[in-house]
Amino acid sequence: MKSPLYLMLATLFWSGNYVVGQAAVASMTPPELTFWRWSLAAMPLLLLAHFVEKPDWRAVLRRWPVLLALSVLGMSGYTLLLYSALGYTSAMNASLITAANPALIVVMAIVLLGERTTRLGWLGICLGLLGVLLVLTQGELARVFSLSINTGELLMTGAIIVWGFYTIIARRLKVPAISATAVQVAIATVTLAPLALAMNVQFPDTAGEGWSLAYIALFPSLGSYLLWNLALRNTPPGTAGNYLNLMVVFTAIITVLLGTPLTPVQIVGGLTVIGGVLLTGIKGRPRLGAPAASTAGARGR
């Protein structure tokens, strides 16, 4: 009974990242937010990995080229694009676009790895794409042809494409989940340091910025990864992956509680995306080898 609770809490914390992140980028730049998020989370994640998984660190570090690539894509690239997008679009729209990520990953696996899916899987992919287009165009699909799409939604689309590449590469990485994540976060801290110095990144000096950063470092960066990986001890990765669909639901609830109503287009687009993802995930999953633990553990936001 603990595993479903852990998965729901992990997803809730990741959903909060969209809402809190949107508030934080009003006074902090995306590089500042990204650098401090991973800098504050690196040491706790390394300690968690050491005491929970007890990995062979030499064996883990021998995979440094792949871990470096994953860090650049998933920790630096995705996070910078996410926080940049939240400066232009709503947390709700960002989560709706992210909800199409599982279907996008199936498409990328088909194109890049030559994998196959069923007709029902293709239907799910098309539904997911339609739902995202509804959100991108605010229900006016003709806007696709005029390229009249919000900058934030374009950045968010770029973010999920980057995450798709991250997932494709990470699927076969045979490194314990928390250890792989911790090393990637540590690498991100080091590789982002020159950018932080060049931009004269300062530690937050207001209470609002401090609380936002504390939430992002503690809950989505640390708590979600720990809870997610604890749940995976008793839950198949495919089953756990379905819980990611709750991100749209939780983000919608948080958004409404904060006084921002949902639009009919967001509701229809969200339901279409979730329906497409369920069709793709349940009936149209490509024939893959068993996913490495590190992949399932790194699917958070």
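Residues numbered from 1 in each chain as written. Predicted model: local features only at pLDDT ≥ 70, side-chain atom pairs only at ≥ 80, totals over all residues. Heavy atoms only, no water.

### Examining helix 11 (residues 207-231)
In a regular helix each residue adds 1.5 Å, so 25 residues correspond to 36 Å; helix 11 covers 34 Å between its end C-alpha atoms and thus fits that length. The largest bend along helix 11 reaches roughly 35° and is located at Gly223. (Helix = DSSP H or I, 4+ residues; strand = E, 2+ residues; numbered from the N terminus. Expected span 1.5 Å × (residues − 1). Bend = angle between axes of the 7 residues up to and from the residue.)

### Here's the deal with the packing of helix 4 (residues 64-85) against helix 10 (residues 177-198)
Look at helix 4 against helix 10: their axes get within 8 Å of each other, and the N-to-C directions meet at 70°. Looking at the two axes, helix 4 sits roughly perpendicular to helix 10. In the packing of helix 4 onto helix 10, the handedness of the crossing is right-handed. Only Ala180, Thr181, Val183, Gln184, Val185, Ile187, Ala188, Thr191 and Leu192 of helix 10 make contact with helix 4, whose side of the interface consists of Leu67, Leu68, Leu70, Ser71, Met75, Ser76 and Leu80. Residues belonging to the contact of helix 4 with helix 10 are distributed by class as follows: eleven nonpolar, five polar and no charged. (Axes fitted to C-alpha atoms, helices over the stretch in contact; angles between N-to-C directions. Parallel < 35°, antiparallel > 145°, perpendicular 65-115°, else oblique. Left-handed = near helix turned anticlockwise from the far one by under 90°. Contact = heavy atoms within 4.5 Å. Nonpolar A, V, L, I, M, F, W, Y, C, P; charged D, E, K, R; others polar.)

### So, the nonpolar core
Core analysis: the largest hydrophobic core is formed by 70 residues, its most contacted members being Tyr18, Leu33, Leu45, Tyr78 and Met156. Apart from residues no more than four positions distant in its own chain, Leu45 is found in contact with Ile178, Thr181, Ala182, Val185, Ser221, Leu222 and Tyr225. (Core = buried A, V, L, I, M, F, W, Y, C linked by side-chain atoms within 4.5 Å. Buried < 20%, exposed > 50% of the residue type's maximum accessible area, 1.4 Å probe, protein only.)

### Some points on helix 2 (residues 30-53)
The largest bend in helix 2 is about 40°, located at Ala42, with the proline Pro44 one to four residues further on. Positive phi shows up at Lys54, right after helix 2, with a value of about 50°.

### A closer look at a positive patch on the surface
On the surface, a cluster of positive charge is contributed by Arg58, Arg62, Arg63, Arg172 and Lys174. Along the chain, the position of Arg63 falls in the loop between helix 3 (57-61) and helix 4. (Patch = residues over 30% accessible without salt bridge, like charges linked within 9 Å, V, L, I, M, F, W, Y side chains within 5 Å. Areas by Shrake-Rupley, 256 points an atom, 1.4 Å probe, with all protein chains shown as cover. Salt bridge = Lys/Arg side-chain N within 4 Å of Asp/Glu carboxyl O. Lys, Arg positive; Asp, Glu negative; His and termini not counted. Charge placed at Lys NZ, Arg CZ, Asp CG, Glu CD.)

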